[in-house]
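Residue strings, one per chain:
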Amino acid sequence: MADGLTKSAARNIFYGGSLFFFLLFAALTAHSHWYMVNVSTDSEGLTDSVKHGKEVWEKNMCINCHSIMGEGAYFAPELGNVWERYGGHENPEAARSGINAWIRAQPLGIEGRRQMPAYDFSEEDMNSLIDFLEWTDGIDNQDWPPHPAG
Amino acid sequence: MKYETQKVALPFFMVAMALFTLQIVFGLLAATVYAWPNFMAEVMPFHIMRVSHTNLLIVWLLIGFMGCTYYLMPEEAEREIHSPNLAYIQLAIFAFAGVAALVGYQFGIHEGREFLEQPFWVKILITISFLMFLFNTSMTLLKGRKTAINLVLMLGLWLAAVFWLFAFYNPTNLAVDKLYWWWVVHLWVEGVWELIMASLLGYLLIKMTGVDREVIEKWLYIIVGLALFSGLLGTGHHYYWIGAPGYWQPIGSIFSTLEVAPFFAMVVFAFTMFWKGSRNHPNKAAMLWALGCPTIAFFGAGVWGFMHTLSFVNYYSHGTQVTAAHGHLAFYGAYVMLILGVITYAMPQIRRVQPYNQVLNMWGFWIVTSAMCFMTFTLTFAGVVQTHLQRVLGMNYMEVQDQLGLFYIMRLGAGVAVAVGAIMLLYSFFGPAREQVPAGGTQITAGAGSA
Ligand code: HEM
Ligand code: HEM
Ligand SMILES: [Fe+2]
């Protein structure tokens, strides 16, 4: 294969081409960063509470059972749109208390059903966490997932 | 083994294999929970098993890469390792950090982003150890002979360290967080790690087939060129649904489809060199791994990756068991088999004996490889059913999962077979060395003279 190509030519193509594609990729990433901050996410609504909610999410490693916007584990339901699933678009108060009640009800202890651990969140942590999920649901992500089921 | 300091690799291989064993144990636990959901629910919830499983994988692969590099570098650079003591210290730091993270997870001490859950100070220790490793191997390279093999390898390792730094950046905006998270995860496995893979394969092929270095090194540059030209913009296949602009759908689809090319080229490369080769290398088992690795990587990364990489397919399959299926076979083919192959090649030389336990090793190869394939198939079936019920028909997640029980039991069965095969491999590496020549001798070694 590629008999006309010498080793040093192959090497130069590799270095030059990789640099080119890296710069292109970095530029598009920079634009995407700008786009996320200014267009697709609600930067104004990214309150201290939402930030704290993300910390609660990370501190409890929810990502190793659930997915969020399709990334994470596949053991438990998608949570990027849980706000929508609980009817948050129509009735925010009901969604908030519904999610709260679900988390507080753990563990369900039903035989043969996957278990979610119990979390002893303070009211503040709980509210922040739900603010974070609400904020995430608001991200404009090309209409994924296809159904509210997640 | 021409150089005394190549034996530095041995403790790296031993630690890597110990952690590999633990990885499988946690995988089995997690798979058991999938089959029997109440299993250990109080003592060790699923997320702890999973984080242990995935982190052990990453840590042992990195330690494995280091061992492979220490083994290869003296021969390629034609001089001894700069400082063997530095290597042992750096291994101790890395192993300590990895084990400390693992123990911490059992007590809920961790950060919270997938694969990057290591506490901050563990990340720091990992960084320090990796820099010591890079210093040690780069010094060896600088003072020694520079070949395409060791240059590409070191470039891959340095870039892996550079992209790792994004693990320290955790923006509060979840979308931006994900944007850069992939700069570690994707740019590792579908970018710079492919440089490591191609150069280690090239090394094995030079040693075992005796094909001219010029030919192999030209191939190497072509392969790694294909990898980065496609893999950088191919990151776009993770930017479809996280709040990034819509242009990633065409860009990600096209370039990630092209990512199949380097994996395909590695298959052609390995088999061409194998047929061309004139050397009848006695380590048949290592040759088997050197051919098996690109083959399974092509299926796991290439075929299974392509299956769900086009944006209009991924819209439905994103984040289902299809992803888990692909993740398993891709990691296994490309990186697990690579390191197991180098270990198979290196161990007889480190122990200064003729290739030993070859038949056992090959049994291990076939059992682990077919079990990983079977696991991938069951997860793929589960994923397709899940995609249809949940993403097309809109059925509730938990109800869909109730339909998938049989697949999860079969996955657990496959996992048990992986464990059996892995034990055979470990025994073939580290157990008493018995001379064993595969029956029929030469079929596995092709070349000018043999048919
Ligand atoms: C050795 C190379 C590769 C490895 C180790 C690998 C591994 C993985 C892993 C572990 C994930 C899941 C990440 C997560 O947790 O969200 C993933 C996702 C993905 N990979 Fe790969 N991969 C490789 C190559 C490829 C290639 C070549 C393609 C395309 C042809 C590909 C296409 C994808 C896609 C589309 C996803 C996203 C799946 C989703 O939407 O849920 N991968 N890969
Ligand atoms: C005994 C064999 C194994 C079993 C039973 C097993 C089981 C599992 C389970 C249950 C999960 C969690 C899936 C979820 O999130 O719902 C998982 C994740 C994962 N395992 Fe394994 N595993 C095994 C071997 C391996 C091996 C050998 C590798 C590396 C090649 C590997 C790499 C991974 C990766 C990368 C993930 C994350 C996947 C993703 O995010 O898409 N596993 N495994
Ligand atoms: Fe990727």
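Conventions adopted
Residues numbered from 1 in each chain as written. Chains lettered and ligands numbered in written order. Predicted model: local features only at pLDDT ≥ 70, side-chain atom pairs only at ≥ 80, totals over all residues. Heavy atoms only, no water. Helix = DSSP H or I, 4+ residues; strand = E, 2+ residues; numbered from the N terminus. Rg over C-alpha atoms; globule rule 2.2 N^0.38 Å. Buried < 20%, exposed > 50% of the residue type's maximum accessible area, 1.4 Å probe, protein only. Contact = heavy atoms within 4.5 Å. Core = buried A, V, L, I, M, F, W, Y, C linked by side-chain atoms within 4.5 Å. Domains from an automatic or database assignment. Donors = N, O, S within 2.8 Å, 3.2 Å for Na, K, Ca; no water. pLDDT = per-residue confidence, 0-100. UniProt positions renumbered as here; feature names shortened; annotations may be inferred. Buried area = accessible area lost by both parts, 1.4 Å probe. Salt bridge = Lys/Arg side-chain N within 4 Å of Asp/Glu carboxyl O. Nonpolar A, V, L, I, M, F, W, Y, C, P; charged D, E, K, R; others polar.

Attention now moves to the overall build of chain B. Within chain B one finds 15 helices and zero strands. The globule rule puts the C-alpha radius of gyration for 451 residues at 22 Å, and the 21 Å found for chain B is close to it. Its C-alpha atoms put chain B at 60 × 45 × 45 Å along the principal axes. The burial tally for chain B puts 67% of its 451 residues in the buried class. If you take every contact in chain B between residues at least 6 apart in sequence, the share linking residues at least 24 apart comes to 84%.

Here we take up the nonpolar core. All names here are of chain B. Within the largest apolar cluster, 200 residues are counted, with the highest numbers of intra-cluster contacts made by Trp60, Trp188, Trp193 and Met197. A total of 26 residues in this core trace back to one element, the largest contributor, which is helix α6 (residues 174-209). Taken domain by domain, this core gets at least three of its residues from each of domain 1 (1-146) and domain 2 (197-431). Among residues more than four places away in sequence, those in contact with methionine 197 are Phe263, Met266, Cys293, Pro294, Ala297, Ala334, Tyr335 and Leu338.

Here we come to the side chain of serine 256 of chain B. Looking at where serine 256 of chain B falls in the secondary structure, it is placed in helix α8 (residues 248-258). In this structure serine 256 of chain B touches Gly234, His237, Tyr240, Ile251 and Thr309 of chain B, once residues within four positions along its chain are discounted.

Let us now look at the coordination of the iron atom of ligand 1. Among protein atoms, the single one acting as a donor to the iron atom of ligand 1 is His326 of chain B (NE2), 2.0 Å away. With respect to the helices, strands and loops of the structure, histidine 326 of chain B is situated in helix α12 (residues 321-350).

All names here are of chain B. For chain B, mean pLDDT is 96; residues scoring 70 or higher make up 97% of the total. Scored below 50 in pLDDT, residues 441-451 shows 20 contacts in the model against residues more than four places distant or in partner chains. For this predicted complex, the interface confidence reaches an ipTM of 0.97, while the overall pTM sits at 0.96.

When the UniProt feature table is mapped to this numbering, "domain: Cytochrome oxidase subunit I profile" (unreviewed entry) covers residues 220-430 of chain B. As annotated, residues 220-430 of chain B comprises 81% helix and 0% strand, and the C-alpha atoms at either end are separated by 32 Å.

Let's shift gears to unusual backbone geometry. Residue and element names in this part refer to chain A. Of the consecutive residues glutamine 106 and proline 107, the connecting peptide bond is found in the cis state with omega at -5 degrees. You can see proline 107 is positioned in the loop between α4 (92-104) and α5 (123-137). With an omega of -5 degrees, the peptide bond between tryptophan 144 and proline 145 qualifies as cis. You can see proline 145 is positioned in the segment after α5. One non-glycine residue, glutamine 142, lies in the positive phi region at around 60 degrees. Mapped onto the secondary structure, glutamine 142 falls in the segment after α5.

This brings us to the interface of chain A and chain B. Buried accessible area, meaning the area lost when the parts come together, often serves as the stated size of an interface. Facing 70 residues of chain A, the contacting portion of chain B comprises 83 residues. Taken over both partners, the interface formed by chain A and chain B buries close to 6,700 Å², and the fraction arising from carbon and sulfur atoms is 67%. Summed over the three residues of chain A that lose the most area to chain B, namely Lys7, Phe25 and Tyr74 of chain A, the buried surface amounts to 12% of that side. Scanning the region where chain A abuts chain B turns up four salt bridges. Measuring nitrogen to oxygen at the nearest pair gives 3.0 Å for the salt bridge that ties glutamate 71 of chain A to lysine 178 of chain B. When contributions to the side of chain A that touches chain B are tallied by element, the ones reaching two or more residues are α1 (7-40), α2 (48-59), β2 (71-72) and α5 of chain A. Per-element accounting of the side of chain A that touches chain B gives the leading share, 22 residues, to α1 of chain A. Grouping the constituent residues of the side of chain A that touches chain B by class yields 37 nonpolar, 20 polar and 13 charged.

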